[in-house]
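Here are the chains, one letter per residue:
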Amino acid sequence: MPLDSALYLRRRARQETRLVEPNQGGRLRVVLAYPNTYGVGMSNLGMHTIYRLFNDHPNVCCERSFLPDNHEIEEYRRRGTPLMTVESQRPVSDADVIAFSASFENDYVNVVRMLTLANLPTRAAHRDVTHPIIIMGGATVSINPEPVAPFLDLCCVGEGEGLVGPLIESILGEADGKKTGDSSKSLTDGDLPTRAALLRSLATLPGFYVPSLYEPRYDQTSPSGYPTFTGLTPQDGAPPRVTKVRAVFEGPETVASTAILTPETEFGDRAMIEVARGCTKGCRYCWVGYNILPFRVHTVDDVLAAAERWLPTTQRVGLVATALLDHPDIEAIATSLRERGLQVFSPSLIISTLREPLLRSVVESGQRSITIAPEAGSDRMRELIMKKITNAEILEKTRMIFRAGVLNLKNYVIIGLPGETEADLQALVNLCTAMREIMIEESRHRGRIGTITLSVNCLIPKPATPFQWAKQIRPSEYASKLRWLRRRLAKVPNVAIEAMSPRSSEIQALTSRGDRRVADLIELWADTGSWRQAVRTWEERGGSVDHFAFRALQPSDPLPWDHLRTGASSAALGNQWRKALGGNVNAAA
Ligand code: SF4
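Residues numbered from 1 in each chain as written. Predicted model: local features only at pLDDT ≥ 70, side-chain atom pairs only at ≥ 80, totals over all residues. Heavy atoms only, no water.

Side note on the pattern of salt bridges
Scanning all chains against the criterion turns up 39 salt bridges. With its nearest N and O atoms 2.7 Å apart, the salt bridge here joins Arg64 to Glu87. Taken together, the residues Arg64 in strand 3 (residues 60-66) and Glu87 in the loop between helix 4 (70-79) and strand 4 (97-101) connect sequence positions 23 residues apart. In terms of burial, Arg64 and Glu87 fall into one category: buried. Note that Arg79 is salt-bridged to Glu75, the shortest N-O span being 2.4 Å. Of this pair, Arg79 and Glu75 both sit in helix 4, separated by four residues, roughly a single helical turn. (Salt bridge = Lys/Arg side-chain N within 4 Å of Asp/Glu carboxyl O. Helix = DSSP H or I, 4+ residues; strand = E, 2+ residues; numbered from the N terminus. Buried < 20%, exposed > 50% of the residue type's maximum accessible area, 1.4 Å probe, protein only.)

Considering the side chain of Ser65
Mapped onto the elements of the fold, Ser65 is located in strand 3. Aside from chain neighbours lying at most four places away, what touches Ser65 is Val31, Leu32, Ala33, Tyr34, Leu83, Met84, Thr85, Val92 and Met114. (Contact = heavy atoms within 4.5 Å.)

Focus: the sheet that holds strand 4
What the six strands build is an open sheet, ordered 3-2-4-5-6-7; its pairing is mixed. Looking at which strands have only one partner, the edges of the open sheet turn out to be strand 3 and strand 7 (208-209). Strands in contact with helix 3 (residues 45-55) are strand 2 (28-34), strand 3 and strand 4; relative to strand 3, the strand with the most contacts, it is inclined by about 155°. (Pairing = 2+ DSSP bridges. Axes fitted to C-alpha atoms, helices over the stretch in contact; angles between N-to-C directions.)

Some points on the packing of aromatic side chains
All told, the structure shown has seven aromatic pairs when counted by the stated rule. Where Tyr226 meets Phe548, the ring centres are 5.9 Å apart and the plane angle is 85°; that geometry is what we call edge-to-face. You can see Tyr226 sitting in the loop between strand 8 (214-219) and strand 9 (228-234) and its partner Phe548 sitting in helix 19 (residues 545-549), a full 322 residues away along the chain. A residue is classified by how much of its surface remains accessible, and Phe548, at 6% relative accessible area, is buried. Centre to centre, the rings of Phe467 and Trp577 are 5.6 Å apart; their planes meet at 70°, and the pair counts as edge-to-face. Of the two residues, Phe467 sits in the loop between strand 19 (452-458) and helix 15 (475-489) while Trp577 sits in helix 20 (residues 570-580), which places them 110 residues apart along the sequence. Of the residues examined, Phe467 reaches a relative accessible area of 0% and is grouped as buried. Exposure remark for Trp577: the relative accessible area of 0% places this residue in the buried category. (Phe/Tyr/Trp six-rings, centres within 6.5 Å; stacked < 30°, edge-to-face > 60°.)

Observations concerning the site of the ligand
Near the ligand the following residues occur: Cys279, Lys281, Gly282, Cys283, Tyr285, Cys286, Ile350 and Lys387. Among the residues making up the shell around the ligand, the classes are represented as five nonpolar, one polar and two charged. (Near = heavy atom within 4 Å. Nonpolar A, V, L, I, M, F, W, Y, C, P; charged D, E, K, R; others polar.)

Considering the packing of helix 9 (residues 300-308) against helix 10 (residues 330-339)
Their axes nearest at 10 Å, the elements helix 9 and helix 10 cross at an angle of 35°. Our pair here, helix 9 against helix 10, has a crossing hand that is right-handed. Each of Val300, Val303, Leu304 and Ala307 in helix 9 lies in contact with helix 10, whose residues at this interface are Ala332, Ile333, Ser336 and Leu337. Class assignment for the residues of the contact of helix 9 with helix 10 results in seven nonpolar, one polar and no charged. (Left-handed = near helix turned anticlockwise from the far one by under 90°.)

Quick look at the sheet that holds strand 18 (residues 408-415)
Taken in spatial order, the four strands make up an open sheet running 17-18-19-20, and their pairing is parallel. What marks the edges here is a single partner per strand, and that holds for strand 17 (369-375) and strand 20 (495-499). The average angle at which neighbouring strand axes cross in this sheet is 25°, direction not considered. Pairing between strand 18 and strand 19: seven bridges, direction parallel. Bridging across to strand 19, Asn411 finds its partner in Leu454. Strand contacts of helix 13 (residues 391-403): strand 17, strand 18 and strand 19, with the helix running at about 155° to strand 18, the strand carrying the most contacts. Of the strands in this sheet, strand 17, strand 18, strand 19 and strand 20 are in contact with helix 14 (residues 422-443), which crosses strand 19 at around 155°.

The analysis is restricted to geometry; functional conclusions fall outside its scope.
Given below as structure tokens:
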């Protein structure tokens with residue numbers, strides 16, 4: 001018999017061990033919403049960080065809400081139950097603020113689904129002061145919020161640590177200054193000027209983007225027949241550019257770490273601790289290297305203090321950073337944690353900086369699988385994307401990995417890179433085959449042979465990277481390259497292949513590179529539950545997948561994310577793009 005939705009949430013809450021509790025007396029009621037299921041959301045360190053930041057404020061009560069699992073959604077619909085929070089099972093729509101934390105564009109559709117389940121209008125233009133303020137922050141909207149802009153009252157551009165404080169102070173300050181009469185009223189009981197004034201004043205602060213204060217312009221005479229985006233016109237005193245806000249790493253309280261342990265996450269009983277943020281490498285397809293700037297590290301003492309908060313609840317610590325091994329004291333951190341009896345894990349390592357001491361630490365802690373990202377099979381392709389490692393060096397590191405006692409090795413790779421040929425794909429097959437031979441040589445004496453996994457992604461030319469002007473390959477071409485790879489690798493034992501689906505490559509292209517017109521498609525997708533059907537209807541109504549996803553852009557083209565200042569300048573990105581193409585930007589077409 002299906003469980004009542006509230007009971008289901010209560011059971012889930014009881015399984016949790018919390019370092020942070022919502023302050024139920026807080027004046028400002030915030031729901032931190034993750035647009036995916038509980039297990040996915042609670043595996044996201046950003047979610048834990050924002051939860052702690054909100055609840056650290058004495059006047060805020062922040063609870064969480066997630067997209068219900070499929071069987072739960074049926075139950076919500078059947079009983080007509082509105083979407084609820086995990087902690088108190090209150091309706092999400094009772095909050096003053098619903099703050100979505102999104103890390104992946106594929107989750108945008110779930111923002112619409114969650115607003116619908118909460119019985120809230122999905123478009124900002126259809127909401128009024130009786131509704132919560134809908135906010136979104138996170139990595140993807142910090143580089144291009146436009147595909148979801150029509151759903152949002154406010155978008156946070158940058159790192160939560162620098163945004164949550166000013167946001168709370170502005171909301172509480174505006175509420176105190178403008179409300180008359182009953183001080184126990186929540187913000188949504190306020191009058192219209194309060195909401196509008198709040199958004200106008202937030203728009204003047206760094207890191208806050210109010211989509212309704214920017215009017216998009218399109219060129220209706222575009223030769224393709226589909227109106228081309230030409231820019232956003234700021235209104236009501238909104239600034240022409242929104243500058244990203246960054247976190248300051250100083251003291252143990254600034255270390256992002258797990259706030260709640262629950263068995264339902266990818267990491268189980270491991271407390272995840274961020275030791276560094278950003279990356280110094282600058283691979284040309286990767287937004288981290290061009291937007292999470294500068295590279296920042298936490299001190300050994302601050303990381304240890306963050307880990308000790310979880311003692312004795314767990315002895316297992318996961319170290320998190322995109323460039324973990326670029327931390328100058330990473331070995332000292334791992335050694336100190338182990339001296340305190342903690343087991344140390346690391347989800348993913350950058351291969352060029354991989355060193356034996358850390359590898360030994362993670363293996364001695366029981367970790368048997370390592371993930372690295374060679375990204376391409378040929379040195380030529382790696383040079384083009386500026387991934388500075390050769391096949392010879394990768395194979396040397398592969399030997400180090402298996403010699404240290406690792407059982408399985410997963411490799412992230414990208415296909416569909418500019419100028420890629422069959423020889424580059426063959427190089428991937430050769431690299432995998434050579435890795436497998438090393439694995440066999442180094443593992444044979446242990447009597448157990450693991451698996452080399454190739455995790456294949458299609459290149460999505462992400463905003464705010466040098467590849468933002470590149471043309472993405474079509475799903476059919478991507479599917480055919482995948483088939484080719486699968487056929488070749490099927491003959492190699494102990495090698496597995498997992499891949500982004502062709503459909504997902506199209507979704508990501510549109511939702512990461514689109515402008516506000518893509519919001520109609522996202523809404524159709526949420527309504528129909530079928531991406532294919534949504535695309536068909538959207539194109540019948542005049543939308544164009546080709547325009548957003550499969551078109552090469554010129555550096556002079558206005559881009560939907562031009563109004564954000566998130567990292568490297570457009571000139572610096574253009575310079576890298578020209579270098580990638582050997583000076584010939586027309587080669588991209
Ligand atoms: S792909 Fe990895 S190594 Fe390259 S810039 Fe991004 S985070 Fe750094």
